[in-house]
Amino acid sequence: MKPAPFSYLRPTTLEEALSALAADPDAKVLAGGQSLVPLLSMRLAHPSALVDINGLDELAYVRSDEDGVRIGALARHADVESDDSAWRVQPLLRQALGLVAHPTIRNRGTTVGSLVHADAAAEMPAVATLLGARLLVASSEGRRTIDAEDLFIGPLESTLRHDELALELQVPALPARSGTAIDEVARRHGDYALCGVASVVSVGDSGAIESVRAAYLSVSLTPLVVDLSEAFADGTASDANLAAAGEIATGAVDPETDIHASADYRRHLAGILTRRVVARAHASVRTEEVR
Ligand SMILES: Cc1cc2nc3c(=O)[nH]c(=O)nc-3n(C[C@H](O)[C@H](O)[C@H](O)COP(=O)(O)OP(=O)(O)OC[C@H]3O[C@@H](n4cnc5c(N)ncnc54)[C@H](O)[C@@H]3O)c2cc1C
(Lines give C-alpha, C1' and ligand atoms only; values in the text may rest on other atoms or scores of the structure.)
Protein backbone atom coordinates (compact mmCIF):
# COMPACT_ATOMS: atom_id res chain seq x y z
CA MET A 1 0.00 0.00 0.00
CA LYS A 2 1.13 3.59 -0.62
CA PRO A 3 0.86 6.37 1.99
CA ALA A 4 -2.00 8.87 1.71
CA PRO A 5 -0.84 12.22 0.25
CA PHE A 6 0.97 14.60 2.61
CA SER A 7 3.08 17.70 2.28
CA TYR A 8 6.74 17.57 3.26
CA LEU A 9 8.63 20.25 5.16
CA ARG A 10 12.33 20.17 6.00
CA PRO A 11 13.02 23.06 8.39
CA THR A 12 16.60 24.22 8.90
CA THR A 13 16.01 25.91 12.26
CA LEU A 14 14.21 24.85 15.43
CA GLU A 15 11.98 27.93 15.24
CA GLU A 16 10.87 26.96 11.73
CA ALA A 17 10.06 23.43 12.90
CA LEU A 18 8.05 24.68 15.88
CA SER A 19 6.13 27.16 13.69
CA ALA A 20 5.26 24.39 11.24
CA LEU A 21 3.93 22.19 14.06
CA ALA A 22 1.97 25.09 15.60
CA ALA A 23 0.40 25.95 12.23
CA ASP A 24 -0.99 22.48 11.50
CA PRO A 25 -2.53 20.22 14.18
CA ASP A 26 -2.39 17.26 11.76
CA ALA A 27 1.34 17.57 11.00
CA LYS A 28 3.73 14.94 12.35
CA VAL A 29 7.43 15.01 13.14
CA LEU A 30 9.61 12.71 11.04
CA ALA A 31 12.79 11.59 12.84
CA GLY A 32 14.30 8.20 11.94
CA GLY A 33 11.08 7.09 10.24
CA GLN A 34 11.48 3.52 11.52
CA SER A 35 8.04 3.53 13.13
CA LEU A 36 6.26 6.34 11.31
CA VAL A 37 7.02 5.28 7.72
CA PRO A 38 5.58 1.76 8.16
CA LEU A 39 2.47 3.33 9.72
CA LEU A 40 2.15 5.67 6.73
CA SER A 41 2.61 2.82 4.27
CA MET A 42 -0.11 0.79 5.98
CA ARG A 43 -2.30 3.92 6.15
CA LEU A 44 -2.57 3.55 9.90
CA ALA A 45 -1.38 7.18 10.09
CA HIS A 46 -2.36 9.88 7.62
CA PRO A 47 -0.83 13.21 8.65
CA SER A 48 -1.44 16.26 6.48
CA ALA A 49 2.28 17.13 6.61
CA LEU A 50 5.59 15.65 7.71
CA VAL A 51 7.99 17.99 9.50
CA ASP A 52 11.34 16.32 8.84
CA ILE A 53 13.75 17.30 11.64
CA ASN A 54 16.79 15.59 10.09
CA GLY A 55 18.20 18.99 9.05
CA LEU A 56 18.46 20.15 12.69
CA ASP A 57 22.04 19.00 13.23
CA GLU A 58 22.22 20.67 16.65
CA LEU A 59 19.91 17.92 17.97
CA ALA A 60 22.36 15.12 17.04
CA TYR A 61 24.30 14.58 20.27
CA VAL A 62 24.90 12.28 23.24
CA ARG A 63 26.39 14.12 26.26
CA SER A 64 27.33 12.63 29.61
CA ASP A 65 28.48 14.07 32.93
CA GLU A 66 28.28 13.04 36.59
CA ASP A 67 24.54 13.79 36.65
CA GLY A 68 23.54 11.62 33.73
CA VAL A 69 23.21 11.26 29.98
CA ARG A 70 21.48 13.76 27.69
CA ILE A 71 20.32 12.37 24.36
CA GLY A 72 19.38 14.82 21.59
CA ALA A 73 16.38 14.18 19.34
CA LEU A 74 18.58 13.25 16.38
CA ALA A 75 20.88 10.85 18.24
CA ARG A 76 20.31 7.45 16.64
CA HIS A 77 19.95 4.36 18.81
CA ALA A 78 23.38 3.29 17.47
CA ASP A 79 24.99 6.58 18.60
CA VAL A 80 23.78 6.06 22.16
CA GLU A 81 24.65 2.37 22.17
CA SER A 82 28.24 2.97 21.03
CA ASP A 83 28.91 5.96 23.32
CA ASP A 84 31.39 4.79 25.98
CA SER A 85 30.76 7.75 28.30
CA ALA A 86 27.02 7.09 28.27
CA TRP A 87 27.72 3.44 29.02
CA ARG A 88 29.89 4.30 32.04
CA VAL A 89 27.33 6.75 33.43
CA GLN A 90 24.22 4.63 32.78
CA PRO A 91 25.00 1.08 31.58
CA LEU A 92 21.37 0.09 31.13
CA LEU A 93 21.16 2.28 28.01
CA ARG A 94 23.67 0.17 26.06
CA GLN A 95 22.34 -3.07 27.54
CA ALA A 96 18.80 -2.24 26.40
CA LEU A 97 19.66 -0.76 23.00
CA GLY A 98 21.40 -3.98 22.02
CA LEU A 99 17.94 -5.58 22.10
CA VAL A 100 16.22 -2.93 19.94
CA ALA A 101 15.51 -4.36 16.47
CA HIS A 102 18.56 -4.83 14.19
CA PRO A 103 21.68 -2.70 13.58
CA THR A 104 20.28 -1.19 10.36
CA ILE A 105 17.18 0.01 12.21
CA ARG A 106 19.29 1.30 15.11
CA ASN A 107 21.37 3.28 12.60
CA ARG A 108 18.29 5.32 11.60
CA GLY A 109 15.83 5.13 14.51
CA THR A 110 16.21 7.71 17.27
CA THR A 111 16.03 7.03 20.99
CA VAL A 112 13.92 10.15 21.55
CA GLY A 113 11.58 9.05 18.72
CA SER A 114 11.13 5.72 20.46
CA LEU A 115 10.01 7.53 23.62
CA VAL A 116 7.50 9.69 21.75
CA HIS A 117 6.19 6.69 19.81
CA ALA A 118 5.18 5.30 23.24
CA ASP A 119 5.07 1.61 22.39
CA ALA A 120 4.73 -0.57 25.50
CA ALA A 121 6.54 -3.33 23.59
CA ALA A 122 9.62 -1.14 23.05
CA GLU A 123 12.67 -1.24 25.30
CA MET A 124 13.44 2.46 25.77
CA PRO A 125 10.08 3.67 27.16
CA ALA A 126 10.29 0.97 29.86
CA VAL A 127 13.95 1.74 30.59
CA ALA A 128 13.33 5.50 30.72
CA THR A 129 10.47 5.01 33.17
CA LEU A 130 12.54 2.68 35.37
CA LEU A 131 15.46 5.11 35.48
CA GLY A 132 13.34 8.19 36.22
CA ALA A 133 14.29 9.88 32.94
CA ARG A 134 12.74 13.14 31.73
CA LEU A 135 11.90 14.42 28.27
CA LEU A 136 12.62 18.07 27.40
CA VAL A 137 10.06 19.31 24.87
CA ALA A 138 9.56 22.64 23.08
CA SER A 139 6.73 24.43 21.33
CA SER A 140 6.49 27.96 19.97
CA GLU A 141 5.07 28.87 23.42
CA GLY A 142 8.10 27.66 25.40
CA ARG A 143 9.73 24.59 26.91
CA ARG A 144 8.80 22.05 29.59
CA THR A 145 10.07 18.71 30.89
CA ILE A 146 7.88 15.63 31.24
CA ASP A 147 8.81 12.81 33.63
CA ALA A 148 8.86 9.51 31.74
CA GLU A 149 6.35 8.11 34.23
CA ASP A 150 3.88 10.83 33.13
CA LEU A 151 4.58 10.47 29.41
CA PHE A 152 2.79 7.24 28.52
CA ILE A 153 -1.00 7.21 28.74
CA GLY A 154 -2.00 4.40 26.37
CA PRO A 155 -0.84 2.26 23.45
CA LEU A 156 1.17 4.55 21.13
CA GLU A 157 -0.21 7.52 23.06
CA SER A 158 1.88 10.08 24.94
CA THR A 159 1.17 13.35 26.72
CA LEU A 160 3.13 15.32 24.12
CA ARG A 161 0.94 17.97 22.47
CA HIS A 162 0.66 18.11 18.66
CA ASP A 163 2.64 21.37 18.55
CA GLU A 164 5.50 20.07 20.71
CA LEU A 165 8.85 18.76 19.52
CA ALA A 166 10.81 16.51 21.88
CA LEU A 167 14.33 17.95 22.10
CA GLU A 168 16.24 15.82 24.60
CA LEU A 169 15.96 12.75 26.81
CA GLN A 170 17.63 13.27 30.20
CA VAL A 171 18.65 10.02 31.90
CA PRO A 172 20.02 10.11 35.47
CA ALA A 173 23.38 8.49 36.23
CA LEU A 174 23.36 5.10 37.89
CA PRO A 175 23.97 5.68 41.61
CA ALA A 176 26.94 4.06 43.35
CA ARG A 177 26.42 0.52 44.70
CA SER A 178 23.87 -0.24 41.97
CA GLY A 179 23.69 -2.70 39.10
CA THR A 180 21.48 -3.11 36.04
CA ALA A 181 20.41 -5.84 33.63
CA ILE A 182 17.80 -6.50 30.96
CA ASP A 183 16.60 -9.60 29.15
CA GLU A 184 13.68 -10.55 26.97
CA VAL A 185 12.13 -13.38 25.01
CA ALA A 186 11.32 -12.79 21.34
CA ARG A 187 10.34 -15.26 18.63
CA ARG A 188 13.30 -14.20 16.47
CA HIS A 189 16.37 -12.12 17.28
CA GLY A 190 15.47 -8.44 16.78
CA ASP A 191 11.71 -8.92 16.98
CA TYR A 192 9.66 -7.00 19.51
CA ALA A 193 9.74 -8.98 22.77
CA LEU A 194 6.90 -11.25 23.90
CA CYS A 195 7.99 -10.11 27.35
CA GLY A 196 11.00 -8.15 28.57
CA VAL A 197 12.32 -7.18 32.00
CA ALA A 198 14.89 -4.53 32.99
CA SER A 199 16.04 -4.11 36.57
CA VAL A 200 18.06 -1.83 38.86
CA VAL A 201 19.37 -3.31 42.12
CA SER A 202 20.95 -1.12 44.82
CA VAL A 203 22.84 -2.30 47.90
CA GLY A 204 23.89 -0.52 51.10
CA ASP A 205 27.41 -0.04 52.53
CA SER A 206 27.34 -3.56 53.98
CA GLY A 207 26.45 -5.06 50.61
CA ALA A 208 22.90 -5.95 51.66
CA ILE A 209 20.21 -5.34 49.05
CA GLU A 210 18.24 -2.16 49.76
CA SER A 211 16.18 -1.65 46.63
CA VAL A 212 15.08 -3.77 43.67
CA ARG A 213 12.92 -2.30 40.92
CA ALA A 214 12.00 -3.75 37.55
CA ALA A 215 10.34 -2.50 34.36
CA TYR A 216 8.25 -4.71 32.11
CA LEU A 217 7.58 -4.50 28.39
CA SER A 218 4.87 -6.16 26.30
CA VAL A 219 2.81 -7.15 29.35
CA SER A 220 0.70 -4.01 29.90
CA LEU A 221 -0.75 -1.15 27.87
CA THR A 222 1.97 1.26 29.02
CA PRO A 223 5.44 0.56 30.46
CA LEU A 224 5.06 -0.99 33.91
CA VAL A 225 7.50 -0.48 36.81
CA VAL A 226 7.24 -2.73 39.87
CA ASP A 227 9.04 -2.32 43.22
CA LEU A 228 10.27 -5.80 44.17
CA SER A 229 12.23 -4.74 47.28
CA GLU A 230 9.90 -6.50 49.72
CA ALA A 231 11.05 -9.88 48.36
CA PHE A 232 14.60 -9.11 49.52
CA ALA A 233 13.90 -8.19 53.16
CA ASP A 234 16.95 -10.16 54.41
CA GLY A 235 19.20 -8.30 51.97
CA THR A 236 20.27 -11.34 49.94
CA ALA A 237 19.64 -12.49 46.38
CA SER A 238 18.85 -16.04 47.54
CA ASP A 239 16.94 -18.40 45.26
CA ALA A 240 13.93 -18.11 47.57
CA ASN A 241 13.96 -14.31 47.38
CA LEU A 242 14.36 -14.32 43.60
CA ALA A 243 11.43 -16.74 43.36
CA ALA A 244 9.35 -14.44 45.58
CA ALA A 245 10.21 -11.50 43.31
CA GLY A 246 9.08 -13.57 40.34
CA GLU A 247 5.77 -14.21 42.10
CA ILE A 248 5.25 -10.48 42.70
CA ALA A 249 5.92 -9.82 39.01
CA THR A 250 3.53 -12.54 37.87
CA GLY A 251 0.77 -10.92 39.90
CA ALA A 252 1.56 -7.37 38.79
CA VAL A 253 1.62 -7.73 35.01
CA ASP A 254 -1.54 -7.55 32.92
CA PRO A 255 -0.71 -9.07 29.52
CA GLU A 256 -3.05 -9.69 26.60
CA THR A 257 -3.30 -12.66 24.26
CA ASP A 258 -2.43 -11.95 20.62
CA ILE A 259 -1.22 -13.89 17.59
CA HIS A 260 2.31 -14.04 19.03
CA ALA A 261 1.66 -15.44 22.53
CA SER A 262 -1.04 -16.12 25.09
CA ALA A 263 -1.48 -13.91 28.14
CA ASP A 264 -0.60 -16.89 30.38
CA TYR A 265 2.68 -17.47 28.57
CA ARG A 266 3.65 -13.80 28.82
CA ARG A 267 2.82 -13.82 32.55
CA HIS A 268 4.96 -16.93 32.99
CA LEU A 269 7.84 -15.20 31.17
CA ALA A 270 7.53 -12.16 33.44
CA GLY A 271 8.17 -14.39 36.48
CA ILE A 272 11.07 -16.32 34.94
CA LEU A 273 12.75 -13.23 33.48
CA THR A 274 12.39 -11.35 36.77
CA ARG A 275 14.39 -14.01 38.61
CA ARG A 276 17.06 -14.09 35.91
CA VAL A 277 17.39 -10.33 35.41
CA VAL A 278 17.40 -9.36 39.09
CA ALA A 279 20.11 -11.96 39.79
CA ARG A 280 22.19 -10.50 36.94
CA ALA A 281 21.65 -6.91 38.04
CA HIS A 282 22.71 -7.85 41.57
CA ALA A 283 25.84 -9.60 40.28
CA SER A 284 26.77 -6.45 38.33
CA VAL A 285 26.49 -4.03 41.28
CA ARG A 286 29.40 -1.59 41.16
CA THR A 287 30.79 -0.37 44.43
CA GLU A 288 32.14 2.93 43.08
CA GLU A 289 30.49 5.60 40.98
CA VAL A 290 32.11 5.19 37.57
CA ARG A 291 32.44 8.20 35.26
C1 LIG B 1 11.41 -4.05 11.64
C2 LIG B 1 11.45 -3.16 12.85
C3 LIG B 1 11.69 -3.71 14.09
C4 LIG B 1 11.71 -2.90 15.22
N5 LIG B 1 11.96 -3.48 16.43
C6 LIG B 1 12.00 -2.71 17.53
C7 LIG B 1 12.27 -3.28 18.81
O8 LIG B 1 12.50 -4.49 18.95
N9 LIG B 1 12.27 -2.46 19.88
C10 LIG B 1 12.04 -1.10 19.76
O11 LIG B 1 12.06 -0.40 20.77
N12 LIG B 1 11.80 -0.53 18.57
C13 LIG B 1 11.78 -1.30 17.46
N14 LIG B 1 11.54 -0.70 16.24
C15 LIG B 1 11.23 0.77 16.20
C16 LIG B 1 12.49 1.64 16.22
O17 LIG B 1 13.12 1.55 17.49
C18 LIG B 1 12.15 3.12 15.94
O19 LIG B 1 13.34 3.70 15.60
C20 LIG B 1 11.57 3.95 17.06
O21 LIG B 1 10.41 3.37 17.56
C22 LIG B 1 11.12 5.34 16.59
O23 LIG B 1 12.20 6.15 16.30
P24 LIG B 1 12.27 6.94 14.92
O25 LIG B 1 13.34 7.95 15.08
O26 LIG B 1 12.39 5.99 13.79
O27 LIG B 1 10.85 7.71 14.90
P28 LIG B 1 9.79 8.01 13.71
O29 LIG B 1 9.44 6.73 13.07
O30 LIG B 1 10.39 9.07 12.83
O31 LIG B 1 8.64 8.62 14.56
C32 LIG B 1 7.88 7.81 15.44
C33 LIG B 1 6.80 8.68 16.10
O34 LIG B 1 7.40 9.60 17.02
C35 LIG B 1 7.19 10.96 16.61
N36 LIG B 1 8.46 11.64 16.84
C37 LIG B 1 9.70 11.16 16.56
N38 LIG B 1 10.64 12.01 17.00
C39 LIG B 1 9.97 13.05 17.57
C40 LIG B 1 10.39 14.24 18.23
N41 LIG B 1 11.69 14.54 18.40
N42 LIG B 1 9.44 15.08 18.72
C43 LIG B 1 8.12 14.79 18.57
N44 LIG B 1 7.66 13.68 17.95
C45 LIG B 1 8.58 12.81 17.47
C46 LIG B 1 6.77 10.89 15.15
O47 LIG B 1 5.94 11.97 14.78
C48 LIG B 1 6.02 9.56 15.11
O49 LIG B 1 4.72 9.73 15.60
C50 LIG B 1 11.52 -1.48 15.10
C51 LIG B 1 11.30 -0.92 13.84
C52 LIG B 1 11.26 -1.74 12.72
C53 LIG B 1 11.03 -1.11 11.37
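These numbers come from a predicted model, not from an experiment.

### Observations concerning the overall build of the chain
Counting its regular elements, the chain contains 11 helices and 14 strands. Over its C-alpha trace the chain gives a radius of gyration of 19 Å, about what one expects of a compact globule, namely 19 Å for 291 residues. Along the longest, intermediate and shortest principal axes, the C-alpha atoms of the chain span 60 × 45 × 30 Å. By the burial criterion, 51% of the 291 residues in the chain qualify as buried. Summarising the internal contacts of the chain: among those between residues at least 6 apart in sequence, 62% fall at separations of at least 24. When the accessible area of the chain is evaluated, it comes to approximately 13200 Å², of which 50% is carbon and sulfur surface. For the chain, the separation between the mean place of its 26 positive charges and that of its 40 negative charges on side chains is 5 Å.

### Focus: the environment of Gly-55
Its location among the elements puts Gly-55 in the loop between strand E3 (49-52) and strand E4 (62-65). Its relative accessible area of 24% is what places Gly-55 among the partly exposed residues. Residues Gly-55 and Thr-12 lie 43 residues apart in sequence; the distance between their C-alpha atoms is 5.5 Å.

### Some words on the nonpolar core
One recurring pattern in soluble globular proteins is that nonpolar side chains are buried together. With 59 residues, the main nonpolar core has Val-69, Ile-71, Val-127, Leu-135, Leu-165, Leu-169 and Val-171 as its most contacted residues. Looking at this core element by element, the count peaks at six residues for helix H8 (residues 123-131). Excluding its chain neighbours within four sequence positions, the residues that come into contact with Ile-71 are Tyr-61, Val-80, Leu-93, Thr-111, Val-112, Leu-167, Glu-168, Leu-169 and Val-171.

### Brief notes about the site of the ligand
Within the structure, the ligand sits among 31 residues, and Val-29, Gln-34, Leu-36, Thr-110 and Glu-123 are positioned closest to it. Ala-31 places a main-chain nitrogen or oxygen 2.9 Å from an oxygen atom of the ligand. Note that an oxygen atom of the ligand is positioned 2.8 Å from one of the side-chain N or O atoms of Ser-35. Elements with a minimum of two residues in the shell around the ligand: strand E2 (27-30), helix H7 (111-117) and strand E10 (165-172). Per-element tally for the shell around the ligand: the top contributor is H7, with five residues. Of the residues contributing to the shell around the ligand, the split by class is 16 nonpolar, 11 polar and four charged.

### Regarding helix H1 (residues 14-23)
For H1, the set of buried residues is Leu-14, Ala-17, Leu-18, Ala-20 and Leu-21. Along the long axis of H1, the arc covered by the buried residues comes to 160°, so they all point the same way. Exposed and facing more than 90 degrees away from the buried side of H1 are Glu-15 and Ala-23. Contacts from the buried residues of H1 go to strand E1 (7-9), E2, E3, strand E6 (134-139), strand E7 (142-147) and E10.

### Description of helix H10 (residues 239-252)
What sets the pattern is the α-helix's 3.6 residues per turn: residues three or four places apart point alike. If you check H10, its first and last C-alpha atoms are 20 Å apart, about what 14 residues at 1.5 Å a residue would give, namely 20 Å. Burial in H10 covers these residues: Asn-241, Leu-242, Ala-245, Gly-246 and Ala-249. Buried residues of H10, seen end-on, are gathered within an arc of 145° and therefore sit on one face of the element. Away from the buried face of H10 by more than 90 degrees, exposed residues Ala-240, Glu-247 and Gly-251 are located. Check the buried side of H10 and you find it contacts strand E13 (209-217) and helix H11 (263-283).

### Structural notes on the domain arrangement of the chain
Along its sequence, the chain is organised into domain 1 (7-55), domain 2 (57-172) and domain 3 (178-283). Between the C-alpha centres of domain 1 and domain 2 there is a distance of 18 Å. Between domain 1 and domain 2, the residue contacts involve 15 residues of the former and 19 residues of the latter. Here domain 1 meets domain 2 over a buried area of about 1500 Å², counting both sides, of which 65% is carbon and sulfur. If you sort the residues of domain 1 by the area they bury against domain 2, Leu-14, Leu-18 and Gln-34 come out on top, with a joint share of 32%. On inspection of domain 1 and its partner domain 2, the count reaches zero salt bridges. Grouping the amino acids of the side of domain 1 that touches domain 2 by side-chain chemistry returns nine nonpolar, five polar and one charged.

### Details of the pairing of E13
Note: strand E12 (residues 195-203) against E13, eight bridges, orientation antiparallel. Along E13, the bridge assignment pairs Val-203 with Ile-209. What sits between E12 and E13 in their antiparallel hairpin is a turn of five residues, with Gly-207 showing a positive phi close to 95°. In this structure, E13 lies alongside strand E14 (residues 224-227), joined through four bridges in antiparallel fashion. Residue pairing for E14: Arg-213 is matched across the bridge by Asp-227. As consecutive antiparallel partners, E13 and E14 are separated by six residues, and within that stretch Ser-218 has a phi angle of approximately 70°, a positive value.

Parameters and conventions
Residues numbered from 1 in each chain as written. Predicted model: local features only at pLDDT ≥ 70, side-chain atom pairs only at ≥ 80, totals over all residues. Heavy atoms only, no water. Helix = DSSP H or I, 4+ residues; strand = E, 2+ residues; numbered from the N terminus. Rg over C-alpha atoms; globule rule 2.2 N^0.38 Å. Buried < 20%, exposed > 50% of the residue type's maximum accessible area, 1.4 Å probe, protein only. Contact = heavy atoms within 4.5 Å. Areas by Shrake-Rupley, 256 points an atom, 1.4 Å probe, with all protein chains shown as cover. Lys, Arg positive; Asp, Glu negative; His and termini not counted. Charge placed at Lys NZ, Arg CZ, Asp CG, Glu CD. Core = buried A, V, L, I, M, F, W, Y, C linked by side-chain atoms within 4.5 Å. Near = heavy atom within 4 Å. Polar contact = N/O pair within 3.5 Å; in protein donor to acceptor, adjacent residues only side chain to side chain. Nonpolar A, V, L, I, M, F, W, Y, C, P; charged D, E, K, R; others polar. Arc of directions from axis to C-beta. Expected span 1.5 Å × (residues − 1). Domains from an automatic or database assignment. Buried area = accessible area lost by both parts, 1.4 Å probe. Salt bridge = Lys/Arg side-chain N within 4 Å of Asp/Glu carboxyl O. Pairing = 2+ DSSP bridges.

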